[in-house]
Amino acid sequence: MNVRVSRLFRAHHPHLCVLPSITKRCLAHEATPDAPPPSTPIATDGQPRLKITWTRTNSPEQQKAEKQNKSAEFSSSFLSSEFPTRKGVVGVKIRKPRSPRLPLTPSDVWPIPMQSIPDGHGTIRADAKANQRASSVYESLLDIYEIDGSIPRGKPLNTLSDRTTTDGVPLWGEWGIPLKIRSFGGPTVIILPSLWLRDNCRCDKCVNQDTMQRAFDTFSIPRDILPSEVVTGKDGLRVTWSNDGHVSLFPWEWIMKYSDRLANHADAPKNTKITWGAEIAENPPSVHYDEIMADDAGVGRWTSKIHQYGFCYVDGCPISPEKTQELLERIAFIRVTHYGGFYDFTSDLSMKDTAYTTLALPAHTDTTYFTDPAGLQMFHLLSHEQGSGGQSLLVDGFKAARILEDECILSHKALSRISIPWHASGNEGITITPIRKFPVLNHYYPHDHGTKRQLMQVRWNNDDRGVVDLEEARGKPGRGTEQWYNAARKWNEILKRKDMEYWAQLEPGRPLIFDNWRVLHGRSAFSGKRRIAGGYINHDDYISRWRNTNFTREEALKQIL
Ligand SMILES: C[N+](C)(C)CCCC[C@H](N)C(=O)O
Ligand SMILES: O=C(O)CCC(=O)C(=O)O
């Protein structure tokens, strides 16, 4: 077996070398100006100590309030024992900054290329950067593998105990292909099932390179498929399959992404949403029409602002329905509903919906009655004659949800858990309702473990809401329903707070587009003839367009494959 103590690491981390006295340099990501004065503590056993001072960083105001200096000491003997071949100044990475076990223990850190800092005690800033995933699995593979080293097979169905070499290398077999890695919580083994790996081969024979679709029958793969060879190659895990000699290459970053212990999807777009309240009126996001029409980079800037703020104006748009439609279709095709596709409406009740009246409309999201509510919505005020009013209202539903959770966690839970019906029934022959009930606050769990569930969609139109079930709670009939109404009342109160409401008068030539899954909209009552044009776009089509105009094709594919 040619798996030796790691040439891998020397190949990849030539700069790692143990300094004679580790205390000469503390290893951290970033010294902060307020780091304590340099000192070189020598432990009682005379061993130089690597002292890591931990400063928890949250938002500046929290940091001031919560500044907690915590530290851990690692003797050089610990470092050299824990990272035997890491001949070098060992950079350390701290595990999840949100929940540091204190004092930090050896399993809280693992080696990464260090960024040396001036002498003295740097402070590890536990922010997203500090937590950045290793740039390649090598920095997470334990140093027992080597480049192009083949991992031996274990004896068929052998007992757990002898599924590892004397060097500690886990062997593959019917149980899958194990890889020993560093992950949150220290060294661990991920096991890659052979059938799963074979099914996910991305070579140009297995994936139609024009359509990116799977180009073979998954179910023709023998259920008990096994490798004939497994190699830890430089650019990934290379597996030769015993049934047909097919060779698959799995890039390390891809493996990292899908290992349930490691998944932290660093290549998924960072959550860069900017929440806002009434103050956004001072400087609302906008992009110029010419930019958008000129090229996809302009569409990228437009969709990026929508992705960040949940809405964006377009300056300099011709005051014409045709040009408005052309503008909207720069993102994607318009979604057709029972209101038609591109809409150009006024208060003529041509459709039996309060939007086609002069009535005030409280903050709401549209199409709550579809299983898949419309993603983007555009309003372009083309004209408003012989009348006044009709101011537009926007409220950041994601900010409102966070306030609700901060102020009344039980109400947040009720609106997140209790599913209710929604409907559109005003027009003859049309009675639309989602395939199932949905709650007001809809969440999802992002791939990367360790981050809590994310709010995905606000579904709120109290006028289109159906009948809340008579829910019991804690054995009391109707208690659950009462909880929902109390929660909805609190939610409604937050939406109506002056510092949450962004009121603006729409202007001809300046269309507004917003994310209908996040931003609620409404209007004040009006008089006169008021004409608005616009349309809906599916959320998935919007996100696809945002992804492909803000990332390269390769990055975009990596985010979803
Ligand atoms: C199509 N257009 C935007 C003019 C009107 C849509 C009506 C909105 C409906 N009340 C809802 O909440 O979905
Ligand atoms: O007329 C407006 O300004 C908004 C209408 C509306 O809220 C809607 O169509 O959903």
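Residues numbered from 1 in each chain as written. Chains lettered and ligands numbered in written order. Predicted model: local features only at pLDDT ≥ 70, side-chain atom pairs only at ≥ 80, totals over all residues. Heavy atoms only, no water.

The next point concerns the overall build of the protein chain. Within the protein chain, the regular secondary structure consists of 13 helices and 23 strands. Going through the 561 residues of the protein chain one by one, you find that 51% of them count as buried. Per element, the accessible surface of the protein chain, about 26,100 Å² overall, is 53% carbon and sulfur. (Helix = DSSP H or I, 4+ residues; strand = E, 2+ residues; numbered from the N terminus. Buried < 20%, exposed > 50% of the residue type's maximum accessible area, 1.4 Å probe, protein only. Areas by Shrake-Rupley, 256 points an atom, 1.4 Å probe, with all protein chains shown as cover.)

Close to ligand 2 lie Ala355, Leu361, His364, Asp366, Phe379, His521, Arg523, Arg530 and Ile532. Contact distances for ligand 2 include 2.8 Å between an oxygen atom and a side-chain N or O atom of Arg523. Listing elements by their share of the shell around ligand 2, those giving two or more residues are strand 15 (361–364), strand 22 (519–523) and strand 23 (529–537). For the shell around ligand 2, the per-class residue count stands at four nonpolar, two polar and three charged. (Near = heavy atom within 4 Å. Polar contact = N/O pair within 3.5 Å; in protein donor to acceptor, adjacent residues only side chain to side chain. Nonpolar A, V, L, I, M, F, W, Y, C, P; charged D, E, K, R; others polar.)

What follows deals with the sheet that holds strand 11 (residues 247–251). As summarised here, the arrangement of the four strands in space is 6-9-10-11, forming an open sheet in which the pairing is antiparallel. Taken across any chain shown, the strands that pair with only one partner, and hence form the sheet edges, are strand 6 (149–150) and strand 11. Direction of pairing for strand 9 (residues 227–233) relative to strand 10 (residues 236–241): antiparallel, over a ladder of six bridges. Among the inter-strand pairings, Val231 is bridged to a residue of strand 10, identified as Arg238. (Pairing = 2+ DSSP bridges.)

Those residues of helix 8 (residues 321–328) that fall on the buried side of the exposure criterion are Pro321, Thr324, Leu327 and Leu328. Each buried residue of helix 8 lies within a common arc of 120° when the element is viewed along its axis, so the set occupies one face. (Arc of directions from axis to C-beta.)

Our next topic: the site of ligand 1. The environment of ligand 1 is made up of 15 residues, and the closest members are Asp353, Asp366, Thr367, Tyr369 and Asn461. Between ligand 1 and Asp353 there is a distance of 2.7 Å, counted from a nitrogen atom to a side-chain nitrogen or oxygen. Asp366 places a side-chain nitrogen or oxygen 3.2 Å from an oxygen atom of ligand 1. Summarising the interface, the protein chains cover 97% of the accessible area of ligand 1, which totals 380 Å² for the free molecule.

For the rest of this paragraph, the subject is the environment of Asp344. If you trace the backbone, Asp344 turns up in strand 14 (residues 343–345). Sequence separation of Asp344 and Ala533 is 189 residues, and the distance between their C-alpha atoms is 4.0 Å. If we skip the residues at most four places from it in the chain, Asp344 touches Pro321, Leu382, Arg531, Ile532 and Ala533. Among the polar contacts made by the side chain of Asp344, one reaches the side chain of Arg531 at a distance of 2.6 Å. (Contact = heavy atoms within 4.5 Å.)

Rolled over the atoms, a probe sized like a water molecule indicates the empty space that remains. Following the criterion strictly, the structure yields four cavities of 30 Å³ or more and no others. Lining of the largest cavity is provided by 29 residues; of these, Ala355, Leu361, His364, Asp366 and His521 occupy positions nearest its centre. Residue assignment for the lining of the largest cavity shows that the elements contributing at least two residues are strand 14, strand 15, strand 16 (376–385), strand 17 (392–396), strand 22 and strand 23. Counted by class, the lining of the largest cavity contains 15 nonpolar, eight polar and six charged residues. (1 Å grid on protein atoms, 1.4 Å probe; cavity = no way out; pocket = protein on both sides within 12 Å on 5 of 7 lines; lining within 4 Å. Points joined across faces, edges and corners; volume = space filled by probe spheres on them.)

On the secondary structure map, His412 appears in helix 10 (residues 409–417). We classify His412 as buried; its relative accessible area is 4%. In this view, His412 contacts Ala401, Leu404, Glu405, Leu441, His443 and Arg453; residues no more than four positions away in its chain are not counted.

In this section: the UniProt feature "domain: Gamma-butyrobetaine hydroxylase-like N-terminal" (unreviewed entry) in the protein chain. As annotated in UniProt, the feature "domain: Gamma-butyrobetaine hydroxylase-like N-terminal" (unreviewed entry) corresponds to residues 192–255 in the numbering used here. Across residues 192–255, helical content stands at 16% and strand content at 30%; the span's end C-alpha atoms are separated by 9 Å. (UniProt positions renumbered as here; feature names shortened; annotations may be inferred.)

For the rest of this paragraph, the subject is the packing of helix 9 (residues 397–407) against helix 10. Viewed as axis vectors pointing N to C, helix 9 and helix 10 meet at an angle of 130°, and their least axial separation amounts to 5 Å. Considering the angle they form, helix 9 stands oblique to helix 10. Contacts between helix 9 and helix 10 involve Ala401, Leu404, Glu405 and Glu407 from the first element and Ile409, Ser411, His412 and Leu415 from the second. For the contact of helix 9 with helix 10, a count of residues per class yields four nonpolar, two polar and two charged. (Axes fitted to C-alpha atoms, helices over the stretch in contact; angles between N-to-C directions. Parallel < 35°, antiparallel > 145°, perpendicular 65-115°, else oblique.)

For the coordinates displayed, the defined rule picks out 18 salt bridges. Across the pair Asp372 and Arg335 runs a salt bridge, and its minimum N-O distance is 3.7 Å. Placement of Asp372 in the loop between strand 15 and strand 16 and of Arg335 in the loop between helix 8 and strand 14 is noted, with a sequence separation of 37 residues between them. For Asp372, a relative accessible area of 32% puts it in the partly exposed group. (Salt bridge = Lys/Arg side-chain N within 4 Å of Asp/Glu carboxyl O.)

In terms of nonpolar packing, the biggest core is built from 56 residues, with Phe311, Leu415, Val440, Leu441, Trp460, Trp484 and Trp491 touching the most fellow members. Among the elements that line this core, the one with the most residues is helix 11 (residues 479–495), at six residues. Apart from the residues lying within four places of it in its own chain, the contact partners of Val440 are Leu415, Ile420, Trp422, Gln457, Val458, Arg459, Trp460, Trp484 and Trp491. (Core = buried A, V, L, I, M, F, W, Y, C linked by side-chain atoms within 4.5 Å.)

Right, let's get into the layout of surface pockets. Roughly 510 Å³ of volume is contained in the second largest pocket. Along the wall of the second largest pocket there are 16 residues; nearest its centre are Arg202, Pro251, Trp254, Lys558 and Leu561. Of all the secondary-structure elements, those providing two or more residues to the lining of the second largest pocket are strand 11, helix 5 (252–258) and helix 13 (553–560). Residues belonging to the lining of the second largest pocket are distributed by class as follows: eight nonpolar, two polar and six charged.

In spatial order, the strands read 12-13-21-16-23-14; together these six strands make up an open sheet with mixed pairing. The open sheet has two edge strands with one neighbour each: strand 12 (286–288) and strand 14. Between one strand axis and the next, the sheet turns by 25° as a mean value, whatever way the strands run. Note: strand 12 against strand 13 (residues 311–315), three bridges, orientation parallel.

Attention now goes to the packing of aromatic side chains. Under the criterion given, the structure shown has 16 aromatic pairs. Among the aromatic residues, those joined into a ring-pair cluster are Tyr339, Tyr343, Phe345, Tyr356 and Tyr536. Lying over the aromatic face of Phe438, Arg459 brings its terminal NZ or CZ to 3.9 Å of the ring centre. (Phe/Tyr/Trp six-rings, centres within 6.5 Å; stacked < 30°, edge-to-face > 60°. Lys NZ or Arg CZ within 6 Å of the ring centre and 35° of its normal.)

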